[in-house]
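Chain and residue survey
Residues per chain are reported as follows:
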Amino acid sequence: MLKSAIETYNINNCPVCGKKHTIDIEVFRDLIPNNPDKDIRVPIFREVPLRILCPVEGIRFQLDMMMQEDIYCKIIKLRRC
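Cut-offs applied
- Residues numbered from 1 in each chain as written.
- Predicted model: local features only at pLDDT ≥ 70, side-chain atom pairs only at ≥ 80, totals over all residues.
- Heavy atoms only, no water.
- Helix = DSSP H or I, 4+ residues; strand = E, 2+ residues; numbered from the N terminus.
- Rg over C-alpha atoms; globule rule 2.2 N^0.38 Å.
- Buried < 20%, exposed > 50% of the residue type's maximum accessible area, 1.4 Å probe, protein only.
- Contact = heavy atoms within 4.5 Å.
- Areas by Shrake-Rupley, 256 points an atom, 1.4 Å probe, with all protein chains shown as cover.
- Lys, Arg positive; Asp, Glu negative; His and termini not counted.
- Charge placed at Lys NZ, Arg CZ, Asp CG, Glu CD.
- Pairing = 2+ DSSP bridges.
- Axes fitted to C-alpha atoms, helices over the stretch in contact; angles between N-to-C directions.
- pLDDT = per-residue confidence, 0-100.
- Phe/Tyr/Trp six-rings, centres within 6.5 Å; stacked < 30°, edge-to-face > 60°.
- Lys NZ or Arg CZ within 6 Å of the ring centre and 35° of its normal.

Here's the deal with the overall build of the protein chain
Counting its regular elements, the protein chain contains zero helices and five strands. Reading the protein chain from its N end, one meets helices and strands in the order β-β-β-β-β. Radius of gyration (C-alpha) of the protein chain: 15 Å, far over the 12 Å computed for a compact globule of 81 residues. Taking the principal axes of its C-alpha atoms as reference, the protein chain extends roughly 50 × 20 × 15 Å. Sorting the 81 residues of the protein chain into buried and exposed places 27% on the buried side. By sequence separation, contacts in the protein chain at least 24 residues apart represent 56% of the contacts at least 6 residues apart. A total of about 5,800 Å² of accessible surface is found on the protein chain, and carbon and sulfur atoms cover 52% of it. Between the averaged position of the 13 positive side-chain charges in the protein chain and that of its 11 negative side-chain charges there is a distance of 5 Å.

Quick look at the sheet that holds strand β2 (residues 21-31)
Pairing is antiparallel across the open sheet formed by three strands, whose spatial order is β1-β2-β5. With partners counted over all chains shown, the strands left at the sheet margins are β1 (2-11) and β5 (73-80), one partner each. Direction aside, the axes of adjacent strands within the sheet are offset by 35 degrees on average. Both β2 and β5 contribute to a ladder of seven bridges, which runs antiparallel. Each bridged residue has a counterpart across the sheet, and for Val27 the counterpart in β5 is Leu78.

Looking at the confidence of the model for the protein chain
Averaged over all residues, the pLDDT of the protein chain equals 87, while 100% of them reach at least 70. When the elements of the protein chain are averaged for pLDDT, β5 gives the smallest value, 84, and β2 the largest, 90.

As for the packing of aromatic side chains
Evaluated as defined, the whole model comprises zero aromatic pairs. In this arrangement the basic side chain of Lys77 is found over the ring face of Phe28, its NZ or CZ atom lying 5.3 Å from the centre.

Describing the pairing of β2
Relative to β2, β1 runs antiparallel, the two being bridged by ten bridges. Looking across to β2, one finds that Ala5 is bridged to Val27.

Here it is, written out as C-alpha coordinates:
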(Lines give C-alpha, C1' and ligand atoms only; values in the text may rest on other atoms or scores of the structure.)
Protein backbone atom coordinates (compact mmCIF):
# COMPACT_ATOMS: atom_id res chain seq x y z
CA MET A 1 0.00 0.00 0.00
CA LEU A 2 1.43 3.37 -1.00
CA LYS A 3 1.07 6.21 1.50
CA SER A 4 2.30 9.79 1.35
CA ALA A 5 2.79 12.30 4.15
CA ILE A 6 4.35 15.72 4.50
CA GLU A 7 7.26 15.72 6.94
CA THR A 8 8.96 18.84 8.30
CA TYR A 9 12.72 18.96 8.81
CA ASN A 10 14.83 21.63 10.47
CA ILE A 11 18.20 22.76 9.15
CA ASN A 12 19.97 24.30 12.13
CA ASN A 13 22.88 25.80 10.20
CA CYS A 14 22.54 26.41 6.45
CA PRO A 15 25.91 25.89 4.71
CA VAL A 16 25.19 28.84 2.37
CA CYS A 17 23.90 31.62 4.65
CA GLY A 18 24.41 30.15 8.15
CA LYS A 19 20.78 30.70 9.22
CA LYS A 20 18.13 28.28 10.44
CA HIS A 21 15.58 26.93 7.89
CA THR A 22 12.55 24.66 7.94
CA ILE A 23 11.76 22.51 4.89
CA ASP A 24 8.69 20.44 4.08
CA ILE A 25 9.16 17.22 2.12
CA GLU A 26 6.43 14.91 0.85
CA VAL A 27 7.57 11.35 1.55
CA PHE A 28 6.00 8.42 -0.31
CA ARG A 29 6.30 5.14 1.57
CA ASP A 30 5.42 1.57 0.62
CA LEU A 31 3.63 0.04 3.62
CA ILE A 32 3.51 -3.73 4.04
CA PRO A 33 0.67 -4.97 6.29
CA ASN A 34 1.88 -6.59 9.49
CA ASN A 35 0.54 -7.97 12.76
CA PRO A 36 1.43 -5.60 15.63
CA ASP A 37 1.11 -8.44 18.17
CA LYS A 38 3.67 -10.71 16.47
CA ASP A 39 5.93 -8.55 14.30
CA ILE A 40 8.72 -6.41 15.70
CA ARG A 41 9.51 -3.16 13.93
CA VAL A 42 13.16 -2.20 14.19
CA PRO A 43 13.83 1.28 12.79
CA ILE A 44 16.66 1.74 10.32
CA PHE A 45 18.06 5.20 9.60
CA ARG A 46 19.08 5.72 5.98
CA GLU A 47 21.12 8.64 4.68
CA VAL A 48 19.29 10.31 1.77
CA PRO A 49 20.88 13.06 -0.35
CA LEU A 50 18.59 16.08 -0.94
CA ARG A 51 19.08 19.14 -3.13
CA ILE A 52 17.80 22.15 -1.19
CA LEU A 53 17.35 25.78 -2.23
CA CYS A 54 18.48 28.37 0.33
CA PRO A 55 15.56 30.86 0.66
CA VAL A 56 17.87 33.74 1.66
CA GLU A 57 20.59 33.50 -1.01
CA GLY A 58 18.71 31.56 -3.72
CA ILE A 59 21.59 29.07 -4.13
CA ARG A 60 21.07 25.29 -4.31
CA PHE A 61 23.13 22.97 -2.13
CA GLN A 62 23.13 19.26 -1.38
CA LEU A 63 22.50 18.00 2.14
CA ASP A 64 22.38 14.42 3.44
CA MET A 65 19.33 13.84 5.67
CA MET A 66 18.80 10.84 7.93
CA MET A 67 15.34 9.34 7.32
CA GLN A 68 13.72 6.51 9.25
CA GLU A 69 12.36 3.34 7.67
CA ASP A 70 11.96 -0.32 8.61
CA ILE A 71 11.12 -3.69 7.00
CA TYR A 72 7.43 -2.86 6.76
CA CYS A 73 7.81 0.74 5.61
CA LYS A 74 10.24 1.57 2.76
CA ILE A 75 10.82 5.05 1.32
CA ILE A 76 9.92 5.07 -2.37
CA LYS A 77 10.05 8.73 -3.46
CA LEU A 78 10.73 12.21 -2.03
CA ARG A 79 9.27 15.47 -3.33
CA ARG A 80 9.87 19.01 -2.08
CA CYS A 81 6.69 20.90 -1.12
